[in-house]
Amino acid sequence: DGGITQSPKYLFRKEGQNVTLSCEQNLNHDAMYWYRQDPGQGLRLIYYSQIVNDFQKGDIAEGYSVSREKKESFPLTVTSAQKNPTAFYLCASSEQGDTEKLFFGSGTQLSVL
Amino acid sequence: GQQVMQIPQYQHVQEGEDFTTYCNSSTTLSNIQWYKQRPGGHPVFLIQLVKSGEVKKQKRLTFQFGEAKKNSSLHITATQTTDVGTYFCAPSGSARQLTFGSGTQLTVLP
């Protein structure tokens, strides 16, 4: 089945710790995205990448980092600089066509211990 | 990205009643997408509207794009319990500029 796989489903972070969220897609999409969702709120863009080895900051990039070494993979690191990391993190991908609709993974819930 | 206001934030309806959510922008939009997120799930693409005044239907769902391309609406006729979830509008020029509204959380009472 084609799709986007996020892991883990739940993740806990200790104070001062960096954690990495995985996102893999086999849809052969060029573009990938990371969104943060807080309870009862919409999605806010953290980072996006349109091609391998290139990525841009979204609206709330501070405290996060990404890499795009392979087309299929776009991991997100939540660094210790992110003081309020508890949220639901969603990875998405899209073709570079006219529609540009997003396909989402099932998400990772990150909580702080 | 584009700033949009989505109303209402919450809506409770009795099964069989109609439901409408509105998305409003102060600036002209290039196009707009709609997504549905079931409780505990992830957003799923529903539709994209591009043309001024465009109306599209998907079974009981009717999507509209305003003549001035500054607002959009999603109307559900005769809601069912399967319609439960949060509906988001998302204006875009391309997905990398996609900004999501805060969503309307729909509860359908049986």
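Coordinates for the structure precede this section.
Just so it is clear, the model here is predicted, and its values are computed rather than measured.

Asks: If you had to explain the layout of surface pockets to someone new, which residues and values would you point to?
Replies: Of the pockets and cavities examined, the largest pocket occupies roughly 430 Å³. Along its surface, the largest pocket is lined by 25 residues, and Q37, D38, P39 and G40 of chain A together with Q37 of chain B are the ones closest to its centre. Residue classes in the lining of the largest pocket are distributed as eight nonpolar, 15 polar and two charged.

Asks: Mind laying out the sheet that holds strand 1 (residues 4-7) of chain A, listing which residues take part and the relevant values?
Replies: Residue and element names in this part refer to chain A. Read from one edge to the other, the open sheet built from four strands follows the order 1-3-8-7, with strand pairing classed as antiparallel. The outermost strands of the open sheet, each flanked by one partner alone, are strand 1 and strand 7 (64-66). Mean inter-strand twist for the sheet, computed between neighbouring axes without regard to direction, equals 20 degrees. By the bridge criterion, three bridges tie strand 3 (residues 19-25) to strand 8 (residues 76-78) in an arrangement that is antiparallel. For T20, the partnering residue across the bridge sits in strand 8 and is T77.

Asks: Tell me about the interface of chain A and chain B, and please be specific about residues and values.
Replies: Facing the 23 residues of chain A at the interface are 18 residues of chain B. In total, chain A and chain B occlude about 1600 Å² of area from one another, counting both sides; carbon and sulfur atoms represent 55% of this. When residues of chain A are sorted by the area they lose upon contact with chain B, L43, E100 and F104 of chain A head the list and together hold 27% of the total. The tally of links between chain A and chain B comes to zero salt bridges. Of all the secondary-structure elements, those providing two or more residues to the side of chain A that touches chain B are strand 4 (31-37), strand 5 (43-51) and strand 9 (87-94) of chain A. Examining the composition of the side of chain A that touches chain B, we find that four residues originate from one element, strand 5 of chain A, more than from any other. Split into classes, the residues belonging to the side of chain A that touches chain B amount to nine nonpolar, 10 polar and four charged.

Asks: Let's hear about the sheet that holds strand 3 (residues 19-25) of chain B: which residues, and what values?
Replies: Residue and element names in this part refer to chain B. Read across the open sheet, the five strands follow the order 1-3-8-7-6; overall the sheet is antiparallel. Of all the strands in the sheet, just strand 1 (4-7) and strand 6 (55-58) have a single pairing partner and so form its edges. This sheet shows a mean twist of 15 degrees between the axes of neighbouring strands, independent of strand direction. As judged from the six bridges shared by strand 3 and strand 8 (residues 71-76), these two strands associate in the antiparallel manner. Along strand 8, the bridge assignment pairs T20 with H75.

Conventions adopted
- Residues numbered from 1 in each chain as written.
- Chains lettered and ligands numbered in written order.
- Predicted model: local features only at pLDDT ≥ 70, side-chain atom pairs only at ≥ 80, totals over all residues.
- Heavy atoms only, no water.
- 1 Å grid on protein atoms, 1.4 Å probe; cavity = no way out; pocket = protein on both sides within 12 Å on 5 of 7 lines; lining within 4 Å.
- Points joined across faces, edges and corners; volume = space filled by probe spheres on them.
- Nonpolar A, V, L, I, M, F, W, Y, C, P; charged D, E, K, R; others polar.
- Pairing = 2+ DSSP bridges.
- Helix = DSSP H or I, 4+ residues; strand = E, 2+ residues; numbered from the N terminus.
- Axes fitted to C-alpha atoms, helices over the stretch in contact; angles between N-to-C directions.
- Contact = heavy atoms within 4.5 Å.
- Buried area = accessible area lost by both parts, 1.4 Å probe.
- Salt bridge = Lys/Arg side-chain N within 4 Å of Asp/Glu carboxyl O.

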